[in-house]
Amino acid sequence: QVQLVESGGGLVQAGGSLRLSCAASGRTFSTYAMGWFRQAPGKEREFVAAISWSGGSKGYADSVKGRFTISRDNGKNTVYLQMNSLKPEDTAVYYCAAVRVAGDSYASRRGAYDYWGQGTQVTVSS
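The present account deals with the structure reproduced in this document. (Residues numbered from 1 in each chain as written. Predicted model: local features only at pLDDT ≥ 70, side-chain atom pairs only at ≥ 80, totals over all residues. Heavy atoms only, no water.)

## As for the overall build of the protein
Piece 1. Tallying secondary structure elements over the protein gives 0 helices and 11 strands in all.
Piece 2. Going from N to C terminus, the protein has its helices and strands arranged as β-β-β-β-β-β-β-β-β-β-β.
Piece 3. Reported as C-alpha extents along the three principal axes, the dimensions of the protein are approximately 40 × 25 × 25 Å.
Piece 4. Considering the protein as a whole, with its 126 residues, one finds that 43% of them fall into the buried category.
Piece 5. When contacts within the protein are restricted to residue pairs at least 6 apart in sequence, those whose partners lie at least 24 apart make up 61%.
Piece 6. Approximately 6200 Å² of the protein is accessible, and the part contributed by carbon and sulfur atoms is 45%.
Piece 7. Put simply, the protein has 14 plus and 9 minus side-chain charges, and the middle of one group is 3 Å from the middle of the other. (Helix = DSSP H or I, 4+ residues; strand = E, 2+ residues; numbered from the N terminus. Buried < 20%, exposed > 50% of the residue type's maximum accessible area, 1.4 Å probe, protein only. Contact = heavy atoms within 4.5 Å. Areas by Shrake-Rupley, 256 points an atom, 1.4 Å probe, with all protein chains shown as cover. Lys, Arg positive; Asp, Glu negative; His and termini not counted. Charge placed at Lys NZ, Arg CZ, Asp CG, Glu CD.)

## Topic: the side chain of arginine 72
Piece 1. Tracing the backbone through its elements, the reader meets arginine 72 in strand E7 (residues 68-73).
Piece 2. Among buried charged residues, arginine 72 stands out as having no salt bridge; its nearest opposite-charge side chain is aspartate 104, 7.4 Å away.
Piece 3. A polar contact is formed between the side chain of arginine 72 and the side chain of asparagine 74, at a distance of 2.8 Å.
Piece 4. Sequence-distant contacts of arginine 72, defined by excluding residues within four places in its chain, comprise Phe29, Ser30, Tyr32, Ala33, Met34, Ile51, Ser52, Trp53, Gly55, Thr78, Val79 and Tyr80. (Salt bridge = Lys/Arg side-chain N within 4 Å of Asp/Glu carboxyl O. Polar contact = N/O pair within 3.5 Å; in protein donor to acceptor, adjacent residues only side chain to side chain.)

Okay, structure coming up:
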């Protein structure tokens, strides 16, 4: 089992940056693909970004391409989401998630993920 704890959320002005972190428990972190999702009030949880177990494959939602970067440090059992040029529409609770995927790939479908963190709030003011 994997336990995930997000941190790094907060209040930022439009155009600013934040870096989210997700720390994982256990010695098998490096075998999991990791994803970031977000959920705004009244909306469904949506895919933001994902990364394969090695970091060699990454994927992004169209809405964040060119602004957000996902990365991981398997030595620290941590996955990151660097968010630049933030917009008010990026306001949401951000969740990290873990799943084992065959090969060096990742998943973008919410239902594919087995483990979830508790979320961290990101608020972008205009």
